[in-house]
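Residues per chain are reported as follows:
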Amino acid sequence: MSERTMDGLAAARARGCTGGQKPKLGPRQVALAREMYDSGDYTIQQIADEFGVTRPTIYRHLDKTLPQQVTIQEPAPEHR
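Residues numbered from 1 in each chain as written. Predicted model: local features only at pLDDT ≥ 70, side-chain atom pairs only at ≥ 80, totals over all residues. Heavy atoms only, no water.

Enquirer: Quick question: what am I supposed to make of the overall build of the protein here?
Expert: Across its full length, the protein carries four helices and zero strands. The order of α-helices and β-strands along the protein, N terminus first, is α-α-α-α. When each of the 80 residues of the protein is scored for burial, the buried share is 19%. Working note: accessible area of the protein is about 7,300 Å², and carbon and sulfur atoms make up 51% of it. (Helix = DSSP H or I, 4+ residues; strand = E, 2+ residues; numbered from the N terminus. Buried < 20%, exposed > 50% of the residue type's maximum accessible area, 1.4 Å probe, protein only. Areas by Shrake-Rupley, 256 points an atom, 1.4 Å probe, with all protein chains shown as cover.)

Here's what the structure looks like:
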């Protein structure tokens, strides 16, 4: 990369600009997509259609978030 290009990028970073494309889904949308997926009522394609993105985009965002933890209740001890 040329020196002038690197200087320009450094100046842009100093102004708070970052390179690259903006994320297709915001944090709230990712959380909603995770809820939809965890519910089991929606397919990945249905979730993607709902947000206007592709299936790989949904998979990529779901990989970055943890599934909601499922709590398993232990049976109560039997009294004799």
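Enquirer: I'm lost on a nonpolar patch on the surface in this one. Help?
Expert: Together, Met1, Met6 and Leu9 make up a nonpolar patch on the protein surface, roughly 340 Å² of accessible area in all. Checked against the element boundaries, Met6 lands in helix H1 (residues 3-14). (Patch = residues over 30% accessible without salt bridge, like charges linked within 9 Å, V, L, I, M, F, W, Y side chains within 5 Å. Salt bridge = Lys/Arg side-chain N within 4 Å of Asp/Glu carboxyl O.)

Enquirer: Quick question: what am I supposed to make of H1 here?
Expert: The α-helix winds at 3.6 residues per turn, so residues separated by three or four positions along the chain end up facing the same way. For H1, spanning 12 residues, the distance from its first C-alpha to its last is 16 Å, which sits close to the expected 16 Å at 1.5 Å a residue. Downstream of H1 by one or two residues, Gly16 has phi in the positive range, about 95°. (Expected span 1.5 Å × (residues − 1).)

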